[in-house]
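Chain residues, written in single-letter form:
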Amino acid sequence: MTSIAAQLAAVRAEYERLPDGLRQHVERVAAEARDLALRWDLDPARVELAAWGHDLFRAHPPAEQLRLAEEAGIPITDVDRREPVLLHGPIAAVVLRERFRVTDDEALAAVRDHTLGAPEMPLIAKVILLADKFEPRKRKRDPVLRQLRRLARRDLDTALLCWADWKWVQERTHGWASHPAHWAARTRWVREHRLDRAMPPILPLDPADPDFPPAE
Ligand SMILES: [Fe+2]
Ligand SMILES: [Fe+2]
């Protein structure tokens, strides 16, 4: 068993062999994720490890990503075959566990699901996914991502749902397919949001409240 610090050092060293642009993106994501970690009371060392791990295979050629995914026994859909880049998170999660001896299951889930999301995500996975989407370079290009960053400070689940809506609009606008794994996640988030909205009030209604009885 190795310490998180040793795992992080080994993962960071990998970036010496990867493009500078990718390392710079990962540095921006790590900074953004540390900031969210503080807000949401997450261990900064675990967040740092997941942030550095998330894009280890992002710059690998598509044929290599397909080969590695097959080797690792990762399920591959038709959408993945058309766009093997979608496999870089799942590949990284397997390699981090097997080669870098990372045993933090939640950090590994954060790496695996950072591109598409998942129906159930631990806090650290929500933080990594969102930090990856609105790191400074990306939010500079799109004002919606600046709003998403503000929202993530108040409510991570609503921020995820808004990101999924934004992504849906992007996909329909450009004629891109929706990945089935993302669609499964999105469907769950929408259902949870509706259940949450339909919950009875936490406190009994107060007749002195100007909203009593509730407006139709
Ligand atoms: Fe990525
Ligand atoms: Fe990324």
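Residues numbered from 1 in each chain as written. Chains lettered and ligands numbered in written order. Predicted model: local features only at pLDDT ≥ 70, side-chain atom pairs only at ≥ 80, totals over all residues. Heavy atoms only, no water.

### Observations regarding the coordination of the iron ion (ligand 1)
Moving on, step 1. Around the iron ion (ligand 1), the donor atoms from the protein are Asp55 (OD), His88 (NE2) and His114 (NE2), and they sit 2.1 Å away.
Moving on, step 2. Judged by its relative accessible area of 1%, His114 is buried. (Donors = N, O, S within 2.8 Å, 3.2 Å for Na, K, Ca; no water. Buried < 20%, exposed > 50% of the residue type's maximum accessible area, 1.4 Å probe, protein only.)

### Observations concerning the pattern of salt bridges
Moving on, step 1. Applying the stated rule across the entire model yields 23 salt bridges.
Moving on, step 2. With its nearest N and O atoms 2.7 Å apart, the salt bridge here joins Glu135 to Arg28. Here Glu135, found in the loop between helix H8 (123–133) and helix H9 (136–141), pairs with Arg28, found in helix H2 (residues 20–39); they are 107 residues apart in sequence, far enough to count as distant.
Moving on, step 3. Here Lys126 makes a salt bridge to Asp157, at a shortest N to O gap of 2.8 Å. Placement of Lys126 in helix H8 and of Asp157 in helix H11 (residues 156–174) is noted, with a sequence separation of 31 residues between them.
Moving on, step 4. Of the residues examined, Lys126 reaches a relative accessible area of 16% and is grouped as buried.
Moving on, step 5. Taking the relative accessible area as the measure of exposure, Asp157 reaches 44% and is therefore partly exposed. (Salt bridge = Lys/Arg side-chain N within 4 Å of Asp/Glu carboxyl O. Helix = DSSP H or I, 4+ residues; strand = E, 2+ residues; numbered from the N terminus.)

### Points about the environment of Arg17
Moving on, step 1. Assignment of secondary structure puts Arg17 in the loop between helix H1 (4–14) and H2.
Moving on, step 2. Polar contacts involving the side chain of Arg17 include one to the side chain of Glu14, which spans 2.9 Å. (Polar contact = N/O pair within 3.5 Å; in protein donor to acceptor, adjacent residues only side chain to side chain.)

### Some words on the coordination of the iron ion (ligand 2)
Moving on, step 1. Looking at the iron ion (ligand 2), one finds its protein donor set to be His25 (NE2), His54 (NE2), Asp55 (OD) and Asp132 (OD), positioned 2.1 to 2.2 Å from the metal centre.
Moving on, step 2. One way to put it: the 4 donor atoms around the iron ion (ligand 2) meet at angles of 86 to 176°, and that makes the site irregular.
Moving on, step 3. Each donor residue of the iron ion (ligand 2) lies on one chain, and together they are spaced H-x28-H-D-x76-D.
Moving on, step 4. Distance-wise, the iron ion (ligand 1) is placed 3.4 Å from the iron ion (ligand 2), both being coordinated by Asp55. As far as burial versus exposure is concerned, His54 and Asp55 are alike and both buried. (Tetrahedral: all angles 85-135°; square planar, octahedral: opposite > 155°, others 65-115°.)

### Considering unusual backbone geometry
Moving on, step 1. Its identity as a non-glycine residue notwithstanding, Asp41 has a phi of 60°, on the positive side.
Moving on, step 2. Owing to a relative accessible area of 71%, Asp41 belongs among the exposed residues under this scheme.
Moving on, step 3. Phi is positive for Arg101, close to 60°, though the residue is something other than glycine.
Moving on, step 4. Along the chain, Arg101 falls in the loop between helix H6 (88–98) and helix H7 (105–112).
Moving on, step 5. What makes Arg101 exposed here is its relative accessible area of 52%.

### What about the side chain of Lys126?
Moving on, step 1. Of the polar contacts made by the side chain of Lys126, one reaches the side chain of Asp157; its length is 2.8 Å.
Moving on, step 2. With sequence-adjacent residues up to four places away left out, Lys126 is seen in contact with Met121, Leu156, Asp157 and Leu160. (Contact = heavy atoms within 4.5 Å.)

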